[in-house]
Amino acid sequence: MSIERWQPRQGYTRQEEVLLRRLRRTKKLFAFLRDSRHELFDDLFQAELETMYRDTGAGIEAVPPALLAMVVLMQSYLGVSDAEAVELSVVDLRWQMVLDRLGYDEPPFAQGTLAGFRERLIRSDMDRRLLERTVEFAKRTRAFDWRKLPKQLRVAVDSSPLEGAGRVEDTINLLAHAARKVVMCAADLLGWPVEKVALAAGIPVLLEESVKKALDLEWSDPRAKTQAVARLARQIDSLEAWLRLRLPEEISKPPLQGHVETLEQIRRQDLEPDPSGGGGTRIREGVAVDRRVSVEDSEMRHGRKSKNKLFNGYKRHVAMDLDTDLILACAVTPANRPDEEAAPALKGDIERQERRIQELHCDRGYIVSKVVSEVVDDGGEVVCKPWVPRNGKLFSKADFKINLRNMTVTCPAGEVVRIELGANAEFSGDACMSCPLRAQCTTAAPGNGRTVAISEDERLQQRLRKLGATVRGRERLRERVAVEHSLAHLGRRQGRRARYRGTRKNLFDVRRAAAVQNLETVQRRLMESDYYRNAA
Ligand code: SF4
């Protein structure tokens, strides 16, 4: 069975002309999608989309992939669910016009078809191509004067928080939630009511709707809380022992295995043996590294917007071409991961477009990434605010003269010592002891001298400090603001909370939102040019 290709009409009907006239003020992108659907989904790109089906050779939908890809974009544009998209394809004239379905009273696709198509896009990384396609499309339009734009690619990268879709719970609720999923799965496998499994497995706290109600304690009393945790832990032990006896094979196979592993993971990360003895259990002091915060979304993590502001979920990262405002690549990482980890994926996606980063504008979160040294080694330039050395009221590193040609550092009193990249330079204890500036310089113990940390990327840091010291340099540092605006816009489009669970699905969502944003950028540029004036 061959895959049907989308061949929407090129000419405009009278009804479409009326609709297009009305779409000049609000939701203008519908008009642009109608105008440019042929170029965006040309034969070559449609053939590429069709390869998603050839991969498996099975389950071929009758709906052309290009039409579904257009639906995916419009979904992101309006922020609607699969079910809403199906309805809009019938009741909304704008959707009908873009999909070339005006006058039809049946949807062109089913909800399951759309969900399946999204899975295919993700599986074959075609959501990345959809984003790239908007950049290719932009190049074919007259939105930019490509001859006047710099030949070299100037990229800015940045990230913003994306609250996860899963519910974040405290330890007791998290444990009870995970245990309830285990009990429900066991009940399903046995064909028993959930209550019967909870009683038989010795975990009656799950019989109440709320575990805290079942434990019924004075929660402000720390001892009561300790007792509650111990009681819940004992009942979880009982549940696991019961499962090993009652479902010995199923416990090591999906789906039960997954639920049991989640329960174990939460228990390991959030509980620890009570040091007061007696074999009891208590809530762990401090937060476990890489702590899971949600039962429903295993990849969400605690993150920080700033020193004092926390969030739970993910970080979305984008790489933007500073000369066109087009988003070239996106990445999503759990919120607790450092920004630098997203940089290789962003660079990889840009290189797939056969482009090379000549200038990388980033903040300090990305500066330790290997991408930074790759760009520099490749003859490119990195533009980033330098670290500001601080040392309380004492001399900071900035008060020392670092000479990278001679590999020496000179202190404010004129003492010189040799340096090594990635190591501390240490001044002589004798010189510092007799130095008249000692009180302003160091609190080292008698006999020890002042140390100065020389970083591995000291050359880069020195260059960045020079950059920040000039008017032109500060101007260049401010160019990165464009990517902050772009991210803010993307955030408003996606909403505060993630639509999906898990890193990969959220990457899909960020990529399609970025694709829509690129199309809006192209449309805006064309409107600023004579494109629409001539068409009017
Ligand atoms: S205390 Fe040591 S390092 Fe500091 S200024 Fe004096 S000699 Fe130099």
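Owing to the predicted nature of the structure, the values given are computational and were not obtained by experimental measurement.

Conventions and cut-offs
- Residues numbered from 1 in each chain as written.
- Predicted model: local features only at pLDDT ≥ 70, side-chain atom pairs only at ≥ 80, totals over all residues.
- Heavy atoms only, no water.
- Helix = DSSP H or I, 4+ residues; strand = E, 2+ residues; numbered from the N terminus.
- Buried < 20%, exposed > 50% of the residue type's maximum accessible area, 1.4 Å probe, protein only.
- Contact = heavy atoms within 4.5 Å.
- Lys, Arg positive; Asp, Glu negative; His and termini not counted.
- Charge placed at Lys NZ, Arg CZ, Asp CG, Glu CD.
- Axes fitted to C-alpha atoms, helices over the stretch in contact; angles between N-to-C directions.
- Parallel < 35°, antiparallel > 145°, perpendicular 65-115°, else oblique.
- Left-handed = near helix turned anticlockwise from the far one by under 90°.
- Salt bridge = Lys/Arg side-chain N within 4 Å of Asp/Glu carboxyl O.
- Core = buried A, V, L, I, M, F, W, Y, C linked by side-chain atoms within 4.5 Å.
- Phe/Tyr/Trp six-rings, centres within 6.5 Å; stacked < 30°, edge-to-face > 60°.
- Lys NZ or Arg CZ within 6 Å of the ring centre and 35° of its normal.
- Near = heavy atom within 4 Å.
- Nonpolar A, V, L, I, M, F, W, Y, C, P; charged D, E, K, R; others polar.
- Polar contact = N/O pair within 3.5 Å; in protein donor to acceptor, adjacent residues only side chain to side chain.
- Pairing = 2+ DSSP bridges.

Enquirer: Help me understand the overall build of the chain, please; the structure alone is not making it clear to me.
Expert: A count of helical and extended segments in the chain gives 22 helices and 13 strands. Along the first, second and third principal axes, the C-alpha atoms of the chain reach 90 × 75 × 40 Å. Residues classed as buried in the chain amount to 50% of the 536 residues present. For the chain, contacts bridging at least 24 residues in sequence account for 65% of all contacts bridging at least 6. The positive charge centre, built from 91 side chains, and the negative charge centre, built from 79, are 4 Å apart in the chain.

Enquirer: What should I look at first to understand the packing of helix α2 (residues 29-40) against helix α4 (residues 65-78) in this one?
Expert: At a minimum axis separation of 12 Å, α2 and α4 run at an interaxial angle of 155°. What the angle tells us is that α2 and α4 run roughly antiparallel. When the axes of α2 and α4 are compared, the crossing they make is right-handed. Taking contact as the criterion, the partners of L29, F30, L33, R37 and L40 in α2 are, on α4, M70, L73, M74, Y77 and L78.

Enquirer: Would you take a moment to explain the pattern of salt bridges for this structure?
Expert: Side chains that differ in sign of charge can pair as their charged atoms come close. Summed over the entire model, instances satisfying the criterion amount to 51 salt bridges. The partner of R167 in a salt bridge is E169, and the shortest N-O contact between them spans 2.9 Å. Look at E169 and you get buried, because its relative accessible area is 11%. Where E458 meets K397, a salt bridge forms, and the shortest distance between an N and an O atom there is 2.8 Å. With E458 in helix α18 (residues 458-468) and K397 in the loop between β8 (381-383) and β9 (401-403), the pair connects residues that are 61 residues apart, well separated along the chain. Each member of the pair, E458 as well as K397, is classed as buried.

Enquirer: Honestly, the nonpolar core in this entry has me stumped. Any pointers?
Expert: Note that soluble globular proteins tend to have their nonpolar side chains buried in a common cluster. Core analysis: the biggest nonpolar cluster contains 103 residues, and F41, L49, W95, F109, V155, L360 and V382 have the highest contact counts within it. Setting aside anything within four residues of it in sequence, one finds L49 in contact with F41, P65, A66, A69, L121 and M126. In terms of nonpolar packing, the next biggest core, distinct from the first, is built from 36 residues, V182, A186, L247 and L271 among them.

Enquirer: Just to check I follow, could you spell out the environment of L99 for this structure?
Expert: Looking at the secondary structure, you find L99 in the loop between α6 (93-98) and α7 (111-123). Relative accessible area serves as the criterion here: at 1%, L99 is assigned to the buried category. When near neighbours in sequence (up to four residues on either side) are disregarded, L99 contacts W6, R37, L67, M70, V71, M74, S89, P108 and F109.

Enquirer: What is the right way to read the packing of aromatic side chains from this model?
Expert: The description of an aromatic ring pair uses the distance of the two centres, along with the angle that the planes make with each other. A complete count under the given rule lists seven aromatic pairs for this structure. Each ring, one from F30 and one from Y77, has its centre 5.4 Å from the other, and the planes form 75°; the classification is edge-to-face. Remark: Y77 occurs in helix α4 and F30 occurs in helix α2; sequence separation between them is 47 residues. Assigned by exposure class, F30 and Y77 land together as buried. Taken together through their ring pairs, the aromatic side chains of W6, F41 and F45 make up a single cluster. Above the face of the Y77 ring, K27 is positioned so that its terminal group lies 5.4 Å from the ring centre. Positioned above the aromatic ring of W192 is the side chain of K196, whose terminal nitrogen or guanidinium carbon lies 4.1 Å from the ring centre.

Enquirer: So what exactly am I meant to see when it comes to the site of the ligand here?
Expert: All residues in the neighbourhood of the ligand are listed as C411, P412, A413, E415, F427, C432, C435, R438, C441 and R450. Class assignment for the residues of the shell around the ligand results in seven nonpolar, no polar and three charged.

Enquirer: Teacher, can you tell me more about the side chain of E272 here?
Expert: Along the chain, E272 falls in strand β2 (residues 271-273). Of the polar contacts made by the side chain of E272, one reaches the side chain of R282; its length is 2.6 Å. Side-chain polar atoms of E272 contact the backbone nitrogen of E285, separated by 3.4 Å. When sequence neighbours within four positions are dropped, the list of residues in contact with E272 reads G280, T281, R282, I283, R284 and E285.

Enquirer: Could you clarify how one ought to interpret the pairing of strand β1 (residues 153-163) in this entry?
Expert: Burial analysis of β1 places 10 of its 11 residues in the buried class, which makes it a mostly covered element. Where β1 meets strand β5 (residues 310-321), nine bridges bridge the pair, whose relative direction is antiparallel. From the neighbouring strand, V157 faces β5, where its bridge partner is A319.

Spatial relationships are all this shows, so hold off on functional conclusions.
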